[in-house]
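# Reading the structure
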Amino acid sequence: MKNIIVKANAGALTNFEVLDLLNSRGASKDTTRVIASETVSRSEYKVYDYLMETAASTQTRESVTKFSDKCKGFKLAKAEILNIINLRPSSDVELTPILEKPDEREIDIEGILALVQELLPPLPTVEAHKENEQEETEDGEQPNMETSV
């Protein structure tokens, strides 16, 4: 396979876009993946595993694009929009540190939070992680348990 650079340094990517790229290269939750895959490196699998536990795992290209388009009305910087997509804040306490001087710029924090709730899917839940762990133990892997004598 030959890699072609379409546009060098096109800008920052959202976590969703990185996860999408890793998926297109063959990354998955399959336990035999490291042995079988020649196109995805171990470090890329570590990134994949991390991103599967973040908001990126529940997002879609459509939700990210819609959110980005609607954020233009709030006069946010591209980096601020990117961070909101990646972190998916659900309260003003989580959103305010992402924004540069929100008080001076008179940014509608409540409006942005409403947009996040409306357009970006919820974060993966703790129960989903428990289900994944249960599936792994059913596949023959033993959970790491310490025994006391």
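Residues numbered from 1 in each chain as written. Predicted model: local features only at pLDDT ≥ 70, side-chain atom pairs only at ≥ 80, totals over all residues. Heavy atoms only, no water.

To keep it simple, the criterion reads: UniProt positions are given in the numbering used here, feature names are shortened, and annotations may be inferred rather than shown by experiment.
As annotated in an unreviewed UniProt entry, the chain carries the name DNA-directed RNA polymerase III subunit RPC9 and is attributed to Brassica rapa subsp. trilocularis. Note on the chain: under the UniProt heading Sequence similarities (unreviewed entry), the record states "Belongs to the eukaryotic RPC9 RNA polymerase subunit family."

### A word on the layout of surface pockets
The cut-off we apply is this: Cavities and pockets were defined on a 1 Å grid built over protein atoms only: a cavity is a set of grid points that admits a 1.4 Å probe from which the probe cannot escape, a pocket is an open set flanked by protein on both sides within 12 Å along at least five of seven lines, and lining residues are those with an atom within 4 Å of any such point. Grid points are joined across faces, edges and corners, and a volume is the space filled by probe spheres set on the points. Secondary structure counts use DSSP, requiring at least four H or I residues in a row for a helix and at least two E residues in a row for a strand, with both numbered from the N terminus. Gly is placed with the polar residues, together with every amino acid not listed as nonpolar (Ala, Val, Leu, Ile, Met, Phe, Trp, Tyr, Cys and Pro) or charged (Asp, Glu, Lys and Arg).
The computed volume of the largest pocket comes to approximately 440 Å³. Elements represented by at least two residues in the lining of the largest pocket include exactly α1 (15-24), α4 (61-71) and α5 (78-87). Sort the elements by how many residues they give to the lining of the largest pocket and α5 lands first, with five residues. Of the residues belonging to the lining of the largest pocket, the class tally is ten nonpolar, four polar and four charged.

### Description of unusual backbone geometry
Backbone geometry places K75, a non-glycine residue, at a positive phi of 55°. Take K75: it is sitting in the loop between α4 and α5. Even without being glycine, E106 reaches a positive phi, approximately 50°. By the element assignment, E106 lies in the loop between α6 (92-95) and α7 (109-119).

### A closer look at the side chain of T14
To keep things clear, this is the line we draw: It only takes one pair of heavy atoms within 4.5 Å for two residues to be counted as in contact.
By secondary structure assignment, the location of T14 is in the segment before α1. Sequence-distant contacts of T14, that is, excluding residues within four places in its chain, are made with V64, L82, I85 and N86.

### Brief notes about the pattern of salt bridges
Put simply, the rule reads: One side-chain nitrogen of Lys or Arg within 4 Å of one carboxyl oxygen of Asp or Glu is enough to make a salt bridge. The classification of residues rests on relative accessible area computed with a 1.4 Å probe and restricted to protein chains. Under 20% of the type maximum is buried, over 50% is exposed, and intermediate values are partly exposed.
Enumeration over the complete set of coordinates arrives at four salt bridges. E62 is the partner of K66 in a salt bridge, and the nearest nitrogen-oxygen pair spans 3.6 Å. Linking K66 with E62, this pair stays in helix α4, spanning four residues, or about one helical turn. Here K66 falls in the partly exposed class, since its relative accessible area comes to 41%. Notably, a salt bridge pairs D69 with K72, separated by 3.8 Å at the nearest N-O pair. On the accessibility criterion, K72 (59% relative accessible area) is exposed.

### Overview of α4
Put simply, the rule reads: The reported arc concerns the directions from the helix axis to the C-beta atoms and nothing else.
Every buried residue belonging to α4 is among S63, V64, F67 and C71, and all of these are buried. One side of α4 carries all its buried residues, which in axial view fall inside an arc of 100°. Buried residues along α4 sit against α1, α5 and α7.

### Here we look at the packing of α1 against helix α3 (residues 42-51)
What counts here: Fitted lines through C-alpha atoms give the axes, limited to the stretch in contact for helices. The angle between two N-to-C directions lies from 0 to 180 degrees. What sets the label is the angle itself: under 35 degrees gives roughly parallel, over 145 gives roughly antiparallel, 65 to 115 gives roughly perpendicular, and the rest give oblique. By definition, any crossing whose near helix is turned counterclockwise from its far helix by less than a right angle is left-handed, and any crossing with a clockwise turn is right-handed.
Closest axis-to-axis distance for the α1/α3 pair is 10 Å, and the angle between their directions is 130°. Considering their axes alone, α1 and α3 lie oblique with respect to each other. Note on packing geometry: the crossing formed by α1 with α3 is left-handed. In this structure, α1 contributes N15, V18, L19, L22 and N23 to the contact, and α3 contributes E44, V47, Y48 and L51.

### Thoughts on the environment of I84
Along the chain, I84 falls in helix α5. A residue is classified by how much of its surface remains accessible, and I84, at 0% relative accessible area, is buried. The sequence separation of I84 and E94 amounts to ten residues, and the corresponding C-alpha distance is 9.5 Å. Setting aside anything within four residues of it in sequence, one finds I84 in contact with F67, L76, P89, L95, I98, L99, I112, V116 and L120.

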